Structure formats: C-alpha cells, structure tokens
Amino acid sequence: MSDARKGPDGALRCPWALSTEDYVAYHDQEWGRPVHGDDALYERLCLEAFQSGLSWLTILRRREGFRAAFAGFAITEVAAFTEADKERLLADAGIIRNRAKIEATVANARVLADWSPGDLDTLIWSYAPDAASRPAPEALADVPAVTDESTALSKALKKRGIRFVGPTTAYALMQACGLVDDHLADCVARGR
C-alpha cells in the first residue's frame, strides 16, 4: 500500500510535501526534476550542504536570501569572495550563518572555477543510476538516505576538492536534481 496522501487539490503526493504550501510548490515544481548547468548544480550542492542538520523548509524559505548573499551562486563570482565577504555573510540574517558552511561554499567555488565549463554537470550526472534498475517506491521506508551511487559521487567530489558533501548530502542532491525519481509510485509528480 502506498504512503501517498491526498493534497489540498485531491491529488496524491509524497506525504512530506503536504505540511506547508512551500513544500507543495517545491515538491510539484522542482524536486526530482532534472537540473543542468554548473551554476545551477553548484547552487543545489551549496543549499544541500547548508541544510545538513536542519530542515529543508528552513533552507527553502531562505533560498532568495542565499541567492542574494552568494551572487546568484555564480561560481566565478563566489570564487572571488574575500575575507570581508565572508564576514558580511556571517552577519547576514537572510542565510544560515555557519562559518564552516560559508567557508566551504567559497572554497568549493574556487575549486570549481578552475574546472572547464560543463565539468560539474558531467561529473554529477555520470552518477545517475539506470532508472529501470530502481522500482518506484511505494512507501517512504523504500526511499534510501544513501546509495552506492551517492557514496561514489561524494568520494569523486571530495577527491576533486569539494567540501561538505557526504554520501547523504550527495543523495539529497541526486533526489533534488532529478538524477533519481524518489516520488512515490502513486504521487502526481512521479515521472514528470
């Protein structure tokens, strides 16, 4: 039996998406849809790292603040951030003011600025599992927190100098960016 639940419009959705309107919109319009482009993937990588230890709703509601604070997550712009910029970020109430995560965000941009255009996109998407090998989950318990692919992606990113990206964060990135479709089998957003 599926864990999918009826939303405010009567459509079945993953139950985590029904607690707030913010989640319904994110679930229906973004989560699990393919994301491409180095800057777009860098943004998601950063936001997933900031989410570590917090609820995704906290990050989602501050996303515009993050975008403003981190130059729209343009890799080349963030790579040029100075110590003064880092201090500005630590004082910015519109984001999560965690020194280690801010430092990692800037350091990761500096690493990625040295890559060729498209390299981040190519690397991340090379770890997408074959969709046919993954049956649609019926229940939330069927959705893993870590997979062999997310562990391998985490290792590949770390080997190339990317920080704050463990296997769980890598799997959350894979879910959010559409490398895997973890919408429940009966969910209205499955397969979009």
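It should be emphasised that the depicted structure is a prediction, and the values quoted were computed from it without experimental measurement. (Residues numbered from 1 in each chain as written. Predicted model: local features only at pLDDT ≥ 70, side-chain atom pairs only at ≥ 80, totals over all residues. Heavy atoms only, no water.)

1. Re the UniProt feature "binding site: Zn(2+)" (unreviewed entry) in the protein chain
In step 1: UniProt marks C14, H27, H183 and C187 with the feature "binding site: Zn(2+)" (unreviewed entry), using the numbering shown here. The annotated residues occupy 174 residues of the chain but converge on a single region, no pair of C-alpha atoms lying more than 10.2 Å apart.
In step 2: By secondary structure assignment, the location of C14 is in the loop between β2 (12–13) and α1 (21–29).
In step 3: Here C14 falls in the buried class, since its relative accessible area comes to 1%.
In step 4: Non-local contacts of C14, meaning those with residues more than four positions away in its chain, are made with H27, D182, H183, L184 and C187.
In step 5: The topology assignment puts H27 in helix α1.
In step 6: Every residue in contact with H27, bar those within four places of it in the chain, is listed here: R13, C14, W16, A17, H183, C187 and A189. (UniProt positions renumbered as here; feature names shortened; annotations may be inferred. Helix = DSSP H or I, 4+ residues; strand = E, 2+ residues; numbered from the N terminus. Buried < 20%, exposed > 50% of the residue type's maximum accessible area, 1.4 Å probe, protein only. Contact = heavy atoms within 4.5 Å.)

2. Here we look at the pattern of salt bridges
In step 1: Considering all chains together, one arrives at 13 salt bridges under this definition.
In step 2: Here D28 ties to R13 by a salt bridge, and the two come within 2.7 Å at their closest N and O atoms. Here D28, found in helix α1, pairs with R13, found in strand β2; they are 15 residues apart in sequence, far enough to count as distant. Neither D28 nor R13 differs from the other in exposure class; each is buried.
In step 3: Taking the shortest distance from any N to any O, the salt bridge between E43 and R67 comes out at 2.7 Å. With E43 in helix α2 (residues 38–51) and R67 in helix α3 (residues 56–69), the pair connects residues that are 24 residues apart, well separated along the chain.
In step 4: Under the relative-accessibility criterion, E43 is labelled buried at 9%.
In step 5: Connected via shared salt-bridge partners are D9, R13 and D28. (Salt bridge = Lys/Arg side-chain N within 4 Å of Asp/Glu carboxyl O.)

3. Points about the packing of helix α5 (residues 83–90) against helix α6 (residues 99–113)
In step 1: At a closest axis distance of 10 Å, the pairing of α5 and α6 adopts a crossing angle of 140°. With respect to α6, the element α5 is oriented oblique. Classified by chirality, the crossing of α6 by α5 is right-handed. Of the residues in α6, those in contact with K86, E87, L89 and L90 of α5 are R99, I102, E103, V106 and R110.
In step 2: When the residues that make up the contact of α5 with α6 are grouped by side-chain class, the tally is four nonpolar, no polar and five charged. (Axes fitted to C-alpha atoms, helices over the stretch in contact; angles between N-to-C directions. Parallel < 35°, antiparallel > 145°, perpendicular 65-115°, else oblique. Left-handed = near helix turned anticlockwise from the far one by under 90°. Nonpolar A, V, L, I, M, F, W, Y, C, P; charged D, E, K, R; others polar.)

4. Focus: the environment of D92
In step 1: Counting through the fold element by element, D92 comes out in the loop between α5 and α6.
In step 2: Judged by its relative accessible area of 22%, D92 is partly exposed.
In step 3: Taking C-alpha positions, D92 is 40 Å from A131, a pair spaced 39 residues apart along the chain.
In step 4: Residues within four places of D92 in sequence aside, it is in contact with A69 and R97.

5. A look at unusual backbone geometry
In step 1: Here F73, not a glycine, exhibits a phi torsion of approximately 60°, which is positive.
In step 2: Within the secondary structure, F73 sits in the loop between α3 and α4 (75–79).
In step 3: For F164, which is not glycine, the phi dihedral falls at a positive 60°.
In step 4: Structurally, F164 can be placed in the loop between α8 (148–159) and α9 (167–176).

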